[in-house]
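The residues making up each chain are set out below.
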Amino acid sequence: GAVVSQHPSRVICKSGTSVKIECRSLDFQATTMFWYRQFPKKSLMLMATSNEGSKATYEQGVEKDKFLINHASLTLSTLTVTSAHPEDSSFYICSARDYGAKAFFGQGTRLTVV
Amino acid sequence: DAKTTQPPSMDCAEGRAANLPCNHSTISGNEYVYWYRQIHSQGPQYIIHGLKNNETNEMASLIITEDRKSSTLILPHATLRDTAVYYCIVRVAYTQGGSEKLVFGKGTKLTVNP
């Protein structure tokens, strides 16, 4: 199946700093990418949807100035957690959809803010 | 909100078939049933999807009732590596350029026992 690569897989940062997470579709062009976060023992919660070349659409309750999403090309989307705080510590997962009906997921990024 | 209901947990003996039920009584005519699974600390993995006919691939079979209000994912010969959380999701049909999102419910935690 299609491959979605997410980087880094783990990151530890200090409170107040910003962290960028990359999501790449390796063997297909992703018209749409999705960003999720997941807390321990909880399900995935959709944060935002991004289409290449346009602004992301954020889910209710997700701060767009806090979680900056850039989908600059058909193979790359980035999520930047700005001014991170300990409560932002979570598992962040991206998903990419090609021109077909399936969505493929990255391996996730474990963010720890200390 | 998720439009599906799944049992929170199930157990299965290794080598036996695992039958995971899903209720989606409010499914619309243009919505597909998707199944994904998430092994601990990894991104979700696509398993199978269908509209109204039963489907089979190398991973699993999907049985959808005639009224489409429920479905069952069948893993024919479960192995220890099939231990994961299984998510049943309904999603509108694919449209080119669309951004239909996958909304995850709580899923079923399947434990395959030796």
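The structure under discussion appears in the preceding block.
The structure presented is a predicted model; accordingly, all values stated were derived computationally and were not measured. (Residues numbered from 1 in each chain as written. Chains lettered and ligands numbered in written order. Predicted model: local features only at pLDDT ≥ 70, side-chain atom pairs only at ≥ 80, totals over all residues. Heavy atoms only, no water.)

### Notes on the pairing of strand E9 (residues 108-113) of chain B
Residues and elements named next belong to chain B.
So, point 1. On E9, burial follows the alternation: Thr 108, Leu 110 and Val 112 on one face are buried, whereas Lys 109, Thr 111 and Asn 113 on the facing-out side are not.
So, point 2. Across 5 bridges, strand E1 (residues 9-13) lies against E9 in parallel orientation. Looking at the pairing, Met 10 lines up with Leu 110 of E9. (Buried < 20%, exposed > 50% of the residue type's maximum accessible area, 1.4 Å probe, protein only. Helix = DSSP H or I, 4+ residues; strand = E, 2+ residues; numbered from the N terminus. Pairing = 2+ DSSP bridges.)

### What to know about the pairing of strand E5 (residues 45-51) of chain A
All names here are of chain A.
So, point 1. With respect to burial, E5 is a largely interior element, 5 of its 7 residues being buried.
So, point 2. Two elements, strand E4 (residues 32-38) and E5, share 6 bridges in a ladder whose sense is antiparallel. Bridging from a neighbouring strand, Met 33 pairs with Ser 50 of E5.
So, point 3. What sits between E4 and E5 in their antiparallel hairpin is a turn of 6 residues, with Lys 41 showing a positive phi close to 60°.
So, point 4. Sheet analysis places E5 next to strand E6 (residues 57-58), joined by 2 bridges and oriented antiparallel. Within E6, the residue paired with Ala 48 across the bridge is Tyr 58.

### Some words on the layout of surface pockets
So, point 1. Of the pockets and cavities examined, the largest pocket occupies roughly 750 Å³.
So, point 2. Lining the largest pocket are 30 residues; nearest its centre among them are Gln38(A), Lys41(A), Lys42(A), Ser43(A) and Tyr87(B).
So, point 3. Taken together, the elements giving at least two residues each to the lining of the largest pocket come down to E5 of chain A together with strand E8 (84-92) and E9 of chain B.
So, point 4. Sorting elements by how many residues they give to the lining of the largest pocket places E8(B) first, with 3 residues.
So, point 5. Of the residues in the lining of the largest pocket, the class split is 14 nonpolar, 9 polar and 7 charged.
So, point 6. Here the second largest pocket defines a volume of roughly 260 Å³.
So, point 7. Along the walls of the second largest pocket sit 14 residues, with Phe105(A), Gly43(B), Pro44(B), Gln45(B) and Tyr46(B) positioned nearest its centre.
So, point 8. Of all elements in the fold, only strand E10 (103-105) of chain A together with strand E4 (45-50) of chain B reach the threshold of two or more residues within the lining of the second largest pocket.
So, point 9. A total of 3 residues in the lining of the second largest pocket trace back to one element, the largest contributor, which is E10(A). (1 Å grid on protein atoms, 1.4 Å probe; cavity = no way out; pocket = protein on both sides within 12 Å on 5 of 7 lines; lining within 4 Å. Points joined across faces, edges and corners; volume = space filled by probe spheres on them. Nonpolar A, V, L, I, M, F, W, Y, C, P; charged D, E, K, R; others polar.)

### Focus: the sheet that holds E8(B)
Residues and elements named next belong to chain B.
So, point 1. Within the open sheet, the 5 strands sit side by side as E1-E9-E8-E3-E4. Their pairing is mixed. Edge positions in the sheet fall to E1 and E4, since each of these pairs with one other strand and no more. Ignoring strand direction, the axes of neighbouring strands in this sheet form an average angle of 25°.
So, point 2. In this structure, strand E3 (residues 31-38) lies alongside E4, joined through 5 bridges in antiparallel fashion. Of the residues in E4, the one forming a bridge with Tyr 36 is Tyr 46. (Axes fitted to C-alpha atoms, helices over the stretch in contact; angles between N-to-C directions.)

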